[in-house]
Amino acid sequence: MLIDNHGRPINYLRLAVTDRCNLRCFYCMPEDGLNWLSRTELLSYEELLRISSMLVSMGVSKIRITGGEPFVRRDLMQLLSSLAALNGLDELTITTNGVLTASYVNELKRLGIRSVNLSLDTLDAARFFTITRRDEFAAVMHTLEELLKHGIDVKINTVVMEGKNTQDILPLVELTRELPVSVRFIEEMPFNGDGHRFSGIAWDHVRIMNEIRQSYPHLTKAVDEPFSTAYNYTIPGHKGNVGVIAAYSRTFCGTCNRIRITPTGILKTCLYDDGVLNLRDKLRMGNTDEQIKQALLQALNNRVIDGHEAERLVKSAANIHQSMAAIGG
């Protein structure tokens with residue numbers, strides 16, 4: 001098992017396969033998009049699989065595929081199939097915006113993918129267009145229907161933003177009455193690709209939960225899974241549940257069991273850090289698996305205590321305001 005220098009087990013890898021996305025959510029990137037990476041800058045599928053295989057052999061038991069939007073990368077199912085076959089990997093999951101996902105759901109089920117995180121910030125088609133700058137609400141809802149029809153667990157991720165979608169909090173909670181989904185409300189973070197526009201949050205996890213309690217006074221705290229980043233709650237009579245993720249307040253760092261690898265192969269042992277190891281360069285310079293494993297162990301032995309320390313140590317102010325698409329969001 002992998003253990004960091006603060007005694008925290010590391011068994012969860014968030015693996016980004018692309019920086020590209022087919023939405024333009026204002027809290028993630030500018031309206032005209034980003035300066036997309038060239039194909040040669042991205043880790044190849046062979047490199048992604050080699051890194052994953054090494055980390056699984058070292059104790060990682062869960063891999064989440066992220067982006068950008070994973071399904072915009074060609075032949076993604078080829079990589080998923082190879083990852084699903086890794087000996088020692090207990091769970092393979094995906095975070096997606098749902099625009100292209102519906103047609104792949106049957107194959108995801110066949111590969112044994114039991115859970116998918118679906119990014120959805122509103123149940124109103126007009127607000128969806130305002131937030132994402134794309135008219136794809138119907139496609140996302142179709143993906144939700146397909147996932148549920150195939151018996152795949154769905155966690156809906158909703159970023160809560162002042163003046164944008166706070167009116168959607170209660171409708172999304174109400175969605176859990178008839179659907180067996182978990183709706184998690186996430187504090188907004190500074191990773192928007194345009195840092196000077198971010199000045200903190202008006203809706204933290206406490207305010208979000210107070211808003212929900214006013215309409216659902218019988219809300220009950222659930223038992224959270226080990227290492228959960230969400231504080232989860234149940235509502236009597238509801239098939240699903242709700243949760244809140246204090247991503248900006250960073251209240252869960254003490255039990256953080258995850259690491260990230262960006263589309264270019266940069267290891268991040270904290271979402272808020274600068275990146276601590278360039279795995280792509282290690283691979284392309286001909287390092288052996290054993291040499292790369294030693295570099296990974298060294299990085300984990302120098303891990304920051306929490307996201308606040310990581311932010312203080314960031315070398316460039318611009319790095320803390322990178323687009324989430326570029327760092328595996």
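Residues numbered from 1 in each chain as written. Predicted model: local features only at pLDDT ≥ 70, side-chain atom pairs only at ≥ 80, totals over all residues. Heavy atoms only, no water.

Asks: Report on the sheet that holds strand β10 (residues 230–234), specifying residues and quantitative values.
Replies: One open sheet accounts for 12 strands, arranged β9-β10-β11-β8-β7-β6-β5-β4-β3-β12-β13-β14; its pairing is mixed. Both edges of this open sheet fall to β9 (220–221) and β14 (277–278), since each of them pairs with a single strand only. The sheet contacts of helix α5 (residues 137–149) involve β6 (115–119), β7 (153–160) and β8 (181–187), and relative to β6 the element is tilted by about 165°. (Pairing = 2+ DSSP bridges. Helix = DSSP H or I, 4+ residues; strand = E, 2+ residues; numbered from the N terminus. Contact = heavy atoms within 4.5 Å. Axes fitted to C-alpha atoms, helices over the stretch in contact; angles between N-to-C directions.)

Asks: Explain the pattern of salt bridges to me, using residue names and the numbers behind them.
Replies: Enumeration over the complete set of coordinates arrives at 13 salt bridges. Glu-47 is paired through a salt bridge with Arg-284; the nearest N and O atoms lie 2.8 Å apart. Here Glu-47, found in helix α1 (residues 45–58), pairs with Arg-284, found in helix α8 (residues 279–284); they are 237 residues apart in sequence, far enough to count as distant. The exposure class assigned to Glu-47 is buried, which follows from its relative accessible area of 14%. Under the relative-accessibility criterion, Arg-284 is labelled partly exposed at 42%. Arg-50 is the partner of Asp-289 in a salt bridge, and the nearest nitrogen-oxygen pair spans 2.7 Å. Taken as a pair, Asp-289 in helix α9 (residues 289–300) and Arg-50 in helix α1 lie far apart in primary sequence, 239 residues in all. Residue classification places Asp-289 among the partly exposed positions, given a relative accessible area of 34%. A single salt-bridge network, built from bridges that share partners, covers Asp-4, Arg-8 and Arg-303. (Salt bridge = Lys/Arg side-chain N within 4 Å of Asp/Glu carboxyl O. Buried < 20%, exposed > 50% of the residue type's maximum accessible area, 1.4 Å probe, protein only.)

Asks: Just give me the short version of the environment of Met-1, but keep the residues and values in it.
Replies: For Met-1, the position within the fold is in the segment before β1 (2–3). When the C-alpha atoms of Met-1 and Ser-57 are compared, they prove to be 9.1 Å apart, with 56 residues separating the residues in sequence. When neighbours within four sequence positions are excluded, Met-1 is seen to be in contact with Pro-9, Met-58 and Gly-59.

Asks: So, the environment of Asp-224: which residues are in play, and what are the values?
Replies: One can find Asp-224 in the loop between β9 and β10. Put simply, Asp-224 and Gly-243 are 19 residues apart on the chain and 9.7 Å apart in space, counted from C-alpha to C-alpha. Leave out the neighbours within four places in its chain, and Asp-224 touches Ala-230, Tyr-231 and Asn-232.

Asks: Outline the packing of aromatic side chains, supporting the account with residue identities and numerical values.
Replies: Taken as a whole, this structure holds three aromatic pairs when the rule is applied. Relative to Tyr-104, the ring of Phe-71 lies with its centre 5.0 Å away and its plane at 25°, an arrangement referred to as stacked. Here the residue Phe-71 occupies a position in the loop between β4 (62–66) and α2 (76–84), and Tyr-104 occupies one in the loop between β5 (91–96) and α3 (105–110), the gap between them amounting to 33 residues. What makes Tyr-104 partly exposed here is its relative accessible area of 30%. The positively charged end of Lys-164 is found above the aromatic ring belonging to Phe-26, 4.7 Å away from the centroid. Over the aromatic face of Tyr-272 sits the side chain of Arg-250, whose NZ or CZ is 3.8 Å from the ring centroid. (Phe/Tyr/Trp six-rings, centres within 6.5 Å; stacked < 30°, edge-to-face > 60°. Lys NZ or Arg CZ within 6 Å of the ring centre and 35° of its normal.)

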